[in-house]
Amino acid sequence: MNTNVNTMNNSFAAGAQDLEPQQSPTATSHPYHPQPQRRPRGFAATNSNNNTSTSTPTKSRKEREKEKERTKLRERHRRAITSRMLAGLRQYGNFPLPARADMNDVIAALAREAGWTVEADGTTYRQSSPVPPPQAPMAQFNSIQQNNINAPNTGAHPVRSVESPLYSSSIKNCSMRSSVDCQPSALRVDENLSPASLDSVAAERDAKLDKYSSATAINSPECLEAGQLVQDVHCREHGNGLSGTSYIPVYVRLATGLINNFCQLMDPEGIKEELQHLKALHVDGIVVDCWWGIVEAWTPKKYEWAGYREMFNIIREFGMKLQVVMSFHEYGGHDSGGIFISLPQWVLEIGKSNQDIFFTDRGGRRNTECLSWGIDKERVLRGRTGIEVYFDFMRSFRTEFDDLFTEGLISAVEIGLGASGELKYPSFSERMGWRYPGIGEFQCYDKYLLQNLQKAAKIRGHSFWGRGPDNAGYYNSKPHETGFFCEKGDFDSYYGRVFLRWYTKVLIDHADNVLSLASLAFEEIQIVVKIPAVYWWYKTSSHAAELTAGYYNSSNRDGYSPLFEVLKKHAVTMKFVISGLQASYQEIDEAMSDPETLSWQVLNAAWDQGLSVAGQNAQPCYDREGFTRLVETARPRNNPDCRRFSFFVFQQPSPLIQRTICFSEIDYFIKSMHGDVSN
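Scoring rules and cut-offs
Residues numbered from 1 in each chain as written. Predicted model: local features only at pLDDT ≥ 70, side-chain atom pairs only at ≥ 80, totals over all residues. Heavy atoms only, no water. Pairing = 2+ DSSP bridges. Helix = DSSP H or I, 4+ residues; strand = E, 2+ residues; numbered from the N terminus. Axes fitted to C-alpha atoms, helices over the stretch in contact; angles between N-to-C directions. Contact = heavy atoms within 4.5 Å. Phe/Tyr/Trp six-rings, centres within 6.5 Å; stacked < 30°, edge-to-face > 60°. Buried < 20%, exposed > 50% of the residue type's maximum accessible area, 1.4 Å probe, protein only. Lys NZ or Arg CZ within 6 Å of the ring centre and 35° of its normal. Parallel < 35°, antiparallel > 145°, perpendicular 65-115°, else oblique. Nonpolar A, V, L, I, M, F, W, Y, C, P; charged D, E, K, R; others polar. Lys, Arg positive; Asp, Glu negative; His and termini not counted. Salt bridge = Lys/Arg side-chain N within 4 Å of Asp/Glu carboxyl O. Polar contact = N/O pair within 3.5 Å; in protein donor to acceptor, adjacent residues only side chain to side chain. Core = buried A, V, L, I, M, F, W, Y, C linked by side-chain atoms within 4.5 Å.

The protein chain carries the name Beta-amylase in an unreviewed UniProt entry, which gives Sesamum alatum as its organism.

(A) Inspection of the sheet that holds strand β9 (residues 526-531) at higher detail. The parallel closed barrel is built from 8 strands, whose spatial order is β3-β4-β5-β8-β9-β10-β11-β12. Strand-to-strand twist in this sheet, taken as the mean axis angle between neighbours without regard to direction, amounts to 30 degrees. Examined bridge by bridge, strand β3 (residues 250-253) and strand β4 (residues 285-291) share 3 bridges and lie parallel to one another. Considered in β4, the bridge of R253 is made with V287. The strands touched by helix α13 (residues 306-317) within the sheet are β4 and β5 (321-327), with β4 carrying the most contacts at an inclination of about 175 degrees. In this fold helix α18 (residues 494-521) packs onto β8 (410-415) and β9, with an angle of close to 155 degrees to the strand it touches most, β9.

(B) Broad picture of the packing of aromatic side chains. Applying the stated criterion to the full structure yields 49 aromatic pairs. Aromatic side chains Y303 and F393 sit 6.2 Å apart centroid to centroid with 65 degrees between the ring planes, which places their arrangement in the edge-to-face category. Remark: F393 occurs in helix α15 (residues 386-400) and Y303 occurs in the loop between α12 (292-295) and α13; sequence separation between them is 90 residues. Just as Y303 is buried, F393 falls in that class too. Measuring from centroid to centroid gives 6.4 Å for W502 and Y503, while their planes differ by 45 degrees, and the two rings are tilted. The same class applies to W502 and to Y503, which are both buried. Geometry around Y495 places R467 over its ring, the cationic atom sitting 4.5 Å from the centre. In this structure, R624 packs its charged tip against the face of Y668, placed 3.8 Å from the ring centre.

(C) Broad picture of the packing of α18 against helix α20 (residues 561-569). The interhelical angle for the contact between α18 and α20, taken along N-to-C directions, is 5 degrees, at an axis separation of 10 Å. Relative to α20, α18 is oriented roughly parallel. Every residue of α20 that contacts α18 at L507, I508, A511, D512 and L515 is listed here: P562, L563, V566, L567 and K569. Each residue belonging to the contact of α18 with α20 can be placed in one class, and the counts come to 8 nonpolar, no polar and 2 charged.

(D) Region of interest: the side chain of K530. If you trace the backbone, K530 turns up in strand β9. No salt bridge is formed by the buried K530. Its closest oppositely charged neighbour is E414, at 4.3 Å. With sequence-adjacent residues up to four places away left out, K530 is seen in contact with R253, E414, S420, G421, E422, L423, K575, V577 and Q616.

(E) Representation of the side chain of E330 within the structure. On the secondary structure map, E330 appears in the loop between β5 and α14 (345-353). Looking at E330, its side chain comes within polar contact range of the side chain of T368, at 3.3 Å. E330 has contacts with W291, F340, I341, S342, L343, T368, E369 and R431, leaving out every residue within four places of it along the chain.

(F) How the structure looks around the nonpolar core. Membership of the largest hydrophobic core comes to 141 residues, with the highest contact counts inside it found for Y308, F312, M326, F397, I415, F564 and M574. Broken down by element, this core gets its largest block of residues, 14 residues, from α18. Excluding residues within four positions of it along the chain, Y308 makes contact with I259, C263, V288, D289, C290, W291, V295 and F401. Judged by nonpolar contacts, the second largest core, of 8 residues, contains A412, V528, A614 and V649.

This is the structure in structure tokens:
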């Protein structure tokens with residue numbers, strides 16, 4: 001036995017010896033061929049690094065901090081320049097740059113504008129062809145187009161985007177330039193088009209071009225018609241809902257308070273007079289809030305619709321369309337004109353014994369503006385969950401007014417999903433002392449949402465993360481005053497990312513759950529969801545106000561596309577609240593606000609998801625400048641994709657102001673929306 005063991009040990013030793021690297025005799029014996037030192041690994045590497053660090057001089061802490069501050073200033077300066085460049089290219093150059101554009105996107109857009117083709121992997125080239133003999137401009141154009149379409153693949157990459165082969169500037173200047181300067185760029189085909197669409201575009205385009213095989217003036221009416229062909233097809237592919245027209249329907253929201261807390265219509269004659277006035281302005285329809293706190297005010301599942309039935313019959317007499325809002329929130333405030341509509345009384349009674357059915361801030365204060373999303377699936381409302389209560393209300397409305405749906409009077413139903421009817425947390429409650437431009441507070445401290453957060457943290461393996469941030473400031477704090485929202489604050493730490501992902505997921509899940517049931521209640525009816533414009537502190541890295549409202553849209557993250565994917569699943573219309581006001585330089589400096597860039601990001605994110613988009617002004621407008629901004633937002637100038645709002649809801653001033661000062665301006669605004677006035 002010992003002999004066998006010794007034999008095995010000798011074998012292993014011999015094998016290990018064989019595996020050792022063999023060094024040449026020259027390298028080992030000659031003094032001028034030193035052995036190459038191996039790189040230390042493991043603990044040896046750590047010790048080596050420590051020895052090196054102790055032997056080399058280091059900068060003092062104060063010098064390092066100064067260098068960091070200088071780096072921050074340089075980076076902020078660079079970002080400001082980049083932001084202004086991107087804004088100018090989007091606004092004046094009509095470049096379709098993404099929301100988080102970098103210099104690669106800018107270079108690619110400029111190269112494409114100059115006639116180059118840029119592939120997704122960065123491959124850049126110019127479509128070239130032999131210089132043809134001198135010929136008439138139109139014949140030369142036809143020849144080049146045929147070469148681009150029918151030429152075999154000789155190493156050039158396929159062409160990818162669609163724009164009109166007769167770009168407007170080329171059409172205007174081609175008759176004045178030489179034939180060489182007027183050569184159009186290669187036809188580019190949109191990746192979003194299906195193969196069948198591509199075939200139809202090419203066939204229709206070829207038929208148009210065959211019409212002009214003879215030498216004709218490049219700026220003739222027939223040539224202009226051919227030049228607009230691909231642009232028109234591209235617009236139809238994007239589906240603007242109005243068959244390519246510039247008509248945007250305008251709806252006007254009726255004032256709150258026309259129906260009292262007992263669901264009785266207060267002033268029928270006043271409503272008729274108001275509708276007559278709106279009819280004279282050629283308004284397309286009316287928006288009416290149906291308040292949960294009025295209809296189901298006293299007893300669960302006992303709905304009173306009498307006042308709304310009377311109002312809807314009056315609207316029917318005037319032949320106007322109707323949009324209704326399922327308002328599951330409270331109404332009141334400094335601009336409510338003394339009108340207050342609470343949640344149903346039976347819900348408030350439940351809230352006295354179980355205050356956790358309401359949103360709660362870090363200080364434990366309850367917000368009764370709407371129900372917490374933590375009870376969406378908790379049976380705490382007399383045996384029903386939150387979403388079941390919403391569904392029963394919507395189903396009652398659908399049954400009560402089935403005749404109006406059948407005859408097409410009701411054109412859309414908006415679903416209230418949060419505070420003020422907007423999809424957001426009640427983070428900016430004036431009742432809690434919030435004033436603009438405060439960052440607001442997180443609203444996740446009721447026991448149901450905290451249980452949800454603790455469960456999410458446990459799944460991640462970090463149970464101690466199951467809490468809200470304790471350094472996020474107060475309602476009127478500024479980002480730099482907090483440890484959570486400041487530059488390089490905790491919002492971008494591991495804990496901060498986990499918390500913010502959970503916080504926005506609760507918002508998205510609430511929208512998903514309620515819209516799933518709304519789609520059942522209102523089959524084949526257009527459903528609308530209102531998205532807020534939280535534009536203050538947009539120019540900071542954290543976007544603090546957006547974070548507390550539930551939109552994880554910090555400077556390194558897109559907080560709207562994940563939500564819009566859910567809205568797309570339910571085929572709803574996204575209605576965006578537009579400020580319509582021009583931010584002053586002082587406001588931009590103090591609140592770091594940027595309403596224009598926020599609008600650009602939200603609208604393009606929705607359009608990129610294929611959503612139908614509508615708009616609503618946040619504050620009443622009184623001058624033409626404000627109305628012009630609304631029109632330009634609803635119908636962007638020179639938009640290559642022909643994108644525009646499907647409708648617009650106008651928040652009108654008080655009747656006295658409207659009929660005296662603003663009548664002509666409102667008339668101008670509605671005509672502009674209808675395409676009767678060119679801006």
